[in-house]
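Letter by letter, the chains look like this.
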Amino acid sequence: MTAGVSEASSKLAQAVVGYLTRSVDHPFATLIKADGCELDIEIEPELAQDRVVPIQPVEPLRLVFSPGDVASPLVLSLRADFPVGLVHTVRDRGADGLSLCVWEEAWQDLSRTLTAQVLIERLRDWLSRTASGLLHQDEQGLEPLIPGTAHTLIVPAGEPVGPWHLVGAVEHEERWTICLDTHQRSDSEGLPRFALFSTVLPSQVHGALHARPYDLGGLLKLSDELGGNLFTEMRQWIVAPEQLAHAADHYPLLLVSVPKRRTAEGPDEAVEVWAYQPVGTLADFGECLGLTITHRDNGKVFTGQAMLPRLVKDLSTIELQGWRVVQRLDRSTARAHSAVPERADAQLVAIGAGAIGSNVVMNTARTGIGAWAIIDDDVVLPHNTVRQSYGDAWVGAPKAHALADQVNHLFVEADATATRADVLRMEPHADKLALADLVVDFSASPAVVAHLSDRQDIKRAASIFFSPDGADLVILAEDARRTTRLDEIEAQYFLATATAPGLAGHLDAARIDRIRYANACQDLTRPLPPWQVQTLCGIAAGQLVSLVGSTALTAVIWRLDPDSGGIVPIALPISPVHRHTSVDLRIAVSKSVLTMMADLRAAAAPNETGGVLVGTFDIIRGTVNIVAALPAPPDSRQAPTYFVRGARNLRPIIEGMAAKTAGRLHYVGEWHSHPVHAAARPSRDDETVFAYLSRHLDPTDVPYAMMICGERETWLRVAWQGRVSLEGTMSHTNEQ
Amino acid sequence: MHIVRFFNIGNADSCLIELENGRLALFDFADMRNKDDASDKRCDLEKELRECLGDDKEIDVVAFTHLDTDHCNRAKDVFHLEHAAKYQGGDRIKIKTMWVPATAILEEGVEGQARTLRAEARHRFIEGKGIRVFSRPDALDQFLRDRDIEPSKRRNLISDAGTLCPEFNLASDSVEFFAHSPFAEHTDNGVIVRNASALFVQATFEVQGRATKLILSADVDHETIDGIVRVTRYHKNDTRLEWDINNVPHHSSYTSLAEEKGAEETDPVDRLRWLYETQGRTAGILVSTSDPIPSEDTTQPPHRQAVNYYKRVARDLGGQFIVTMEHPSKTSPKPLVIEIGGTGAKVRKAAGGTPAVIAAPAPRAGSL
């Protein structure tokens, strides 16, 4: 290995180096070279002999971290003969190797629990599942051939064949979202003038994403490889009279349709459309190709076919801008209209105007509950019309504006406001969250819950979301004084999910049952019947109306049985917390943890007892929420002066809790009791335990705590790699 | 899924096979660790074995491939032996059926551990239960006659090379064991055992229609293996020498490959080349139950030249060569666990951190 990581500005890269070099147990990955934000490593995945994809026992990878960890690390294969026919890869991404599509989640969410060990394990798992053929199962939608890009083109439903007409165009931050239709609309006057060229290539068997061509040479080469005859057709198109007539004031847009199928003999299952825009007008494009000549005379412009077409030597000099192309769904949805009792007035902020946000906001807005400020950074896409409040006419418009406009069309008072932005990137003074009586998070993003919990200036926050299978509605809301913050409520919600028998299966569907809807690996959504969304959103709207009129904390899950339509509400026990902070650590301990320990301590007296601690953590914020103290495993040894925590059945219990909470609940340390005569302070043996935790867990970049439950108080110490560790005590006075 | 587990005990052998139906077979037991030496990286074999067994206190088959110390050390302290009360009681692990080569019964002049196990094997053979003896030299019949036992009465306890061992079968256990050695040959002087040495077996596992084959070759030398290959091919039993997992013989000693060590790579004799290069299946795993591989020439195995040959075989098969004292790392070796499922053999590679902390007891905590 060669050093050099000290220059890195990625904490995650440093953490990975630490894990690979200091892990007590072999991490099945080896650091070969560390160079700033670039790490070369060798990964050892678990591999059966029979492999669907020829992954090797040792795979060389390069991880390219972003400075400041603002984006997910690139994962490149350094093996020259890495199987390029794989799905979930992007070919030719720079000279460094084949880029692997390892991350499906939004980076801002993923990064919160992505420890060095989790990152390495993710890579190992990705390779193992690729080898075993489990990564790309039959029911998964076909891979898009070209990854998504900046401008967006919305094309009609059905087989994408022209002629097409431009019917809508919206520009935001220099990005166009353009809608095409099969017939001209009367309201499309004044839209930018595009000349649309379209062709259909032969059917393709889907595989790895092809490298996106950035120039005409690349596009024609790709077209040739796929068996098309793009160049000939395009040349004929450019010199056709209808193109020549308006070449000087129209912009060319090249649309290429590629039917896709799973096997060479199989039927076409989908059609992918690529859209490319050359620089300049159609006249410029024709001249670049040497096919047309444009004369300007007295303010008049004439474009004609070049008499002696000259051969363009290097077509790669003609740059193309690729567009993201999304196809509209069939127009087959209708919106349900349900009456919700009208209530008082309030200032409300909605973060997220998707399925839950749009429906709940619309529902509550109809009650006249107050003025909504809507923050969302997305645009309405065709499939959104199934479950969200938008009709087809809104496709292409920013959701925030669409929703605000819908709300403003309900009543005379048109005071709903729209901000197209990612709330996590807005300046606090600009987002106006502080002005609201209640900020409601509809984004289902852990990052937003964290953000709202940290903001001192807002009055009250709530989060409303669905379980991953869409059958359960969750409402978590702070009390009006914010005694318990949203993330602290969320951590206890996870504990309830892991332990309450009535919540079995609540988060089991996490990360499964998804379908792909656009040209990027990360664009995922879930199949979910609209009635289910509407039913749960209706309840959410009713509860939100109640919430505004109350000051109490709320934590309730409504479970919907999709077969019978029956709904059962389950109230979650939420305990207040003790908070401890250091320079870069913030620890919250649920008071119920102290009660659990005190009860177990009393039951074991005169012996000491103990067990493990369970909680959530957030790497970005340096927070740990300790929510449970588990009883001693049956093989533990308990005596009046010592306690040895056993391990029988412990791993399945901890892994079970993780499995039931989409991986959010973790082991976070050890606790034990001290008898009446001994202070709740660490003994020499206890320091040995802490050193043991440090040795095993520090390299893996997870936090670890030790708690000692005494007669009158509980002592706490928490450490986390590279952060100032923290100690504190909590009095039992209020708990007894 | 079945599990094959090779323990990291230095230049010594112990392999535990845990079948999907819960039945167990242990090939050799040599607890070699020096408990007084904190730097000894060999595992505490008794502890590891007991953890695998859980509440189970009996193993269906314990095979001693031969009675050298590196194959049976401390067996008399851990197992319940039928022949003497002093080896019984307490927490001792019972052996339902003991597998031994005939020499384990016949050999004279043995001492220590081997003598105790010989006494146990003789006792079981004389009593007529709980034992299987491999190969039937004339001397074994004489051993019985000397004790007034008609040899035909013990025929059911004897397995010849080239037959399946009746303790396991594919129908109920999804595994069968085929004995290759010791083998006997008829000569003008009667039946004699050509190689006086060890048990050499092939296990064939079947999971979801996928056969996975394991060769356990103990400490046999190249001449013996050459003979095994010759006899097996003569009987057109080539498939009985196919392998997905091969526990290479004698801790990667060159003497198990050829007469000469070779400068950089041992050049095996032809029949052995066939065994490794032709009979090894795609992505096969070679396991060297040995100390870490030295970079210099050594007298004792493992020999780097032999290892270079095995590594090349692994590379050509797209497989792996694994040294028990180097797995997963030289600094902290752990037992090698191979899962056998419907897609062949897979080396289990589990990372540590939190999973390791909650899988083991914590150190002692307390108020004093």
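Residues numbered from 1 in each chain as written. Chains lettered and ligands numbered in written order. Predicted model: local features only at pLDDT ≥ 70, side-chain atom pairs only at ≥ 80, totals over all residues.

On to the overall build of chain A. Counting secondary structure elements, chain A contains 16 helices and 36 strands. Per-residue burial for chain A yields a buried fraction of 46% across its 736 residues. Nonlocal contacts in chain A, meaning residues at least 24 apart in sequence, comprise 66% of its contacts between residues at least 6 apart. (Helix = DSSP H or I, 4+ residues; strand = E, 2+ residues; numbered from the N terminus. Buried ≥ 20, exposed ≤ 12 C-beta atoms within 10 Å, placed from the backbone. Contact = placed C-beta atoms within 7 Å.)

Let us now look at the overall build of chain B. In terms of helices and strands, chain B carries eleven helices and 18 strands. By the burial criterion, 50% of the 368 residues in chain B qualify as buried. Within chain B, contacts between residues at least 6 apart in sequence are counted, and of these 68% link residues at least 24 apart.

Turning our attention to the interface of chain B and chain A. Taken together, the 34 residues of chain B in the interface contact 47 residues of chain A. Contributions of two or more residues to the side of chain B that touches chain A are made by β14 (280–288), β17 (344–347), α11 (354–358) and β18 (364–365) of chain B. Examining the composition of the side of chain B that touches chain A, we find that five residues originate from one element, α11 of chain B, more than from any other. The class makeup of the residues in the side of chain B that touches chain A is 16 nonpolar, twelve polar and six charged. Sheet topology places strand β32 (residues 643–644) of chain A next to β18 of chain B; two bridges connect them, and they run antiparallel. Counted as the bridge partner of Phe643 of chain A is Ala365 of chain B from β18 of chain B. (Nonpolar A, V, L, I, M, F, W, Y, C, P; charged D, E, K, R; others polar. Pairing = 2+ DSSP bridges.)

Taken together, three strands build an open sheet; the order of strands is β31(A)-β32(A)-β18(B) and the sheet is antiparallel. The sheet terminates laterally at β31 (637–638) of chain A together with β18 of chain B, the two strands that pair on one side only.

Once that is clear, we can look at the pairing of strand β28 (residues 586–590) of chain A. All names here are of chain A. Of all the five residues making up β28, four are buried; the element is thus mostly covered by neighbouring parts of the structure. Of the pairings in the sheet, the one linking strand β27 (residues 577–581) to β28 comprises five bridges and is antiparallel in character. For His578, the partnering residue across the bridge sits in β28 and is Val589. With antiparallel pairing between neighbouring strands as the criterion, β27 and β28 make up a hairpin whose turn holds four residues. Two elements, β28 and strand β30 (residues 623–629), share four bridges in a ladder whose sense is parallel. For Ile587, the partnering residue across the bridge sits in β30 and is Val624.

Okay, the nonpolar core next. The biggest cluster of nonpolar side chains holds 295 residues, and the ones touching the most others in it are Val16, Ala350, Ile374 and Val440 of chain A. In this view, Val440 of chain A contacts Leu348, Val349, Ala350, Ile351, Ala462, Ile464 and Leu544 of chain A; residues no more than four positions away in its chain are not counted. (Core = buried A, V, L, I, M, F, W, Y, C linked by C-beta atoms within 7 Å.)

Because each turn of an α-helix spans 3.6 residues, side chains separated by three or four positions in sequence point in the same direction. Those residues of helix α15 (residues 650–660) of chain A lying buried are Leu650, Ile654, Met657 and Lys660 of chain A. The arc enclosing the buried residues of α15 of chain A, seen along the axis, measures out at 130 degrees, which places them on a common side. In this fold, the buried residues of α15 of chain A make contact with α12 (486–499), β29 (610–618) and β33 (666–673) of chain A together with α11 of chain B. Directly after α15 of chain A, the chain includes Ala662 of chain A, whose backbone phi takes a positive value near 55 degrees. (Arc of directions from axis to C-beta.)

For the rest of this paragraph, the subject is helix α9 (residues 399–408) of chain A. Residue and element names in this part refer to chain A. For α9, the buried fraction is high: eight of the ten residues fall into the buried class. Along α9, the residues classified as buried are Lys399, Ala400, His401, Ala402, Leu403, Ala404, Gln406 and Val407. Residues of α9 that are buried in the fold lie against α8 (355–366), β18 (371–376) and β19 (417–420).

Turning our attention to the sheet that holds β28 of chain A. Residue and element names in this part refer to chain A. The eight strands lie next to each other as β27-β28-β30-β29-β33-β34-β35-β36, forming an open sheet whose pairing is mixed. What marks the edges here is a single partner per strand, and that holds for β27 and β36 (726–731). Within this sheet the neighbouring strands show an average axis-to-axis angle of 25 degrees, counted without direction. Lying over the sheet, helix α14 (residues 591–604) contacts β27, β28, β30, β33, β34 (704–709), β35 (713–719) and β36, oriented at roughly 35 degrees with respect to β30. (Axes fitted to C-alpha atoms, helices over the stretch in contact; angles between N-to-C directions.)

To continue, consider the packing of α8 of chain A against α9 of chain A. Residue and element names in this part refer to chain A. As a packed pair, α8 and α9 sit with axes 10 Å apart at the nearest point and diverge in direction by 20 degrees. Here α8 lies roughly parallel to α9, going by the angle between them. You can see that α8 and α9 cross each other, and the crossing is right-handed. In this structure, α8 uses Ser358, Val361, Met362 and Ala365 to contact α9, whose residues at the interface are Leu403, Gln406 and Val407. Each residue belonging to the contact of α8 with α9 can be placed in one class, and the counts come to five nonpolar, two polar and no charged. (Parallel < 35°, antiparallel > 145°, perpendicular 65-115°, else oblique. Left-handed = near helix turned anticlockwise from the far one by under 90°.)

On to unusual backbone geometry, then. Residues and elements named next belong to chain B. Cis geometry marks the peptide bond from Ser181 to Pro182, where omega comes out at 5 degrees. Residue Pro302 follows Pro301 across a cis peptide bond; omega there is 0 degrees. Tracing the backbone through its elements, the reader meets Pro302 in the loop between β14 and α10 (304–317). Even without being glycine, Lys236 reaches a positive phi, approximately 55 degrees. Checked against the element boundaries, Lys236 lands in the loop between α8 (222–234) and β13 (243–247).

On to the confidence of the model for chain A. All names here are of chain A. Taken residue by residue, chain A gives an average pLDDT of 83. The fraction at 70 or more is 85%. Long-range and interchain partners of residues 137–149, a stretch whose pLDDT sits below 50, account for 34 contacts in this model, where long-range means more than four residues apart. Every residue in residues 329–342 is under pLDDT 50, and counting partners more than four places away or in other chains gives 22 contacts. (pLDDT = per-residue confidence, 0-100.)

Residue and element names in this part refer to chain A. It is the contact of helix α11 (residues 446–454) with α12, at a shortest axis distance of 7 Å, that shows an interaxial angle of 135 degrees. In terms of orientation, α11 lies oblique with respect to α12. Facing Val449, Ala450, Leu452 and Ser453 of α11, the residues of α12 in contact are Leu486, Asp487 and Glu490. Tallied by class, the residues present in the contact of α11 with α12 amount to four nonpolar, one polar and two charged.

Moving on, we get to the confidence of the model for chain B. Averaged over every residue, the pLDDT of chain B is 91; the share at 70 or more is 96%. Scored as a complex, the prediction yields pTM 0.67 and ipTM 0.73.

Before going further, it helps to examine the environment of Ala119 of chain B. Inspection of the secondary structure assignment puts Ala119 of chain B in helix α5 (residues 112–127). With 14 residues separating them along the chain, Ala119 of chain B and Ile105 of chain B place their C-alpha atoms 7.9 Å apart.

The subject of this paragraph is the pairing of strand β12 (residues 210–216) of chain B. Residue and element names in this part refer to chain B. Here β12 lies mainly inside the structure; five of its seven residues are buried. Across seven bridges, strand β11 (residues 200–207) lies against β12 in antiparallel orientation. When the sheet's bridge partners are listed, Glu206 is paired in β12 with Ala211. Linking β11 back to β12 in an antiparallel pair, the connection comprises two residues, with Gln208 at a positive phi of about 50 degrees. Where β12 lies against β13, three bridges are found, and the strand directions are parallel. When the sheet's bridge partners are listed, Ile215 is paired in β13 with Asn246. The parallel pair β12 and β13, bridged by α8, forms a crossover whose chirality is right-handed. (Right-handed = clockwise from strand over helix to strand, strands pointing away.)

Our focus in this paragraph is the environment of Val100 of chain B. Relative to the elements of secondary structure, Val100 of chain B occurs in strand β5 (residues 94–101). Dropping the residues within four chain positions of it, Val100 of chain B is found in contact with Phe64, Ile105, Ala121 and Val133 of chain B.

All names here are of chain B. Locating Lys129 in the fold gives a position in the loop between α5 and β6 (131–134). Using a count of 11 C-beta atoms within 10 Å as the deciding quantity, one classes Lys129 as exposed. Measuring from C-alpha to C-alpha, the distance between Lys129 and Met98 comes to 9.4 Å, with 31 residues separating the pair along the chain.

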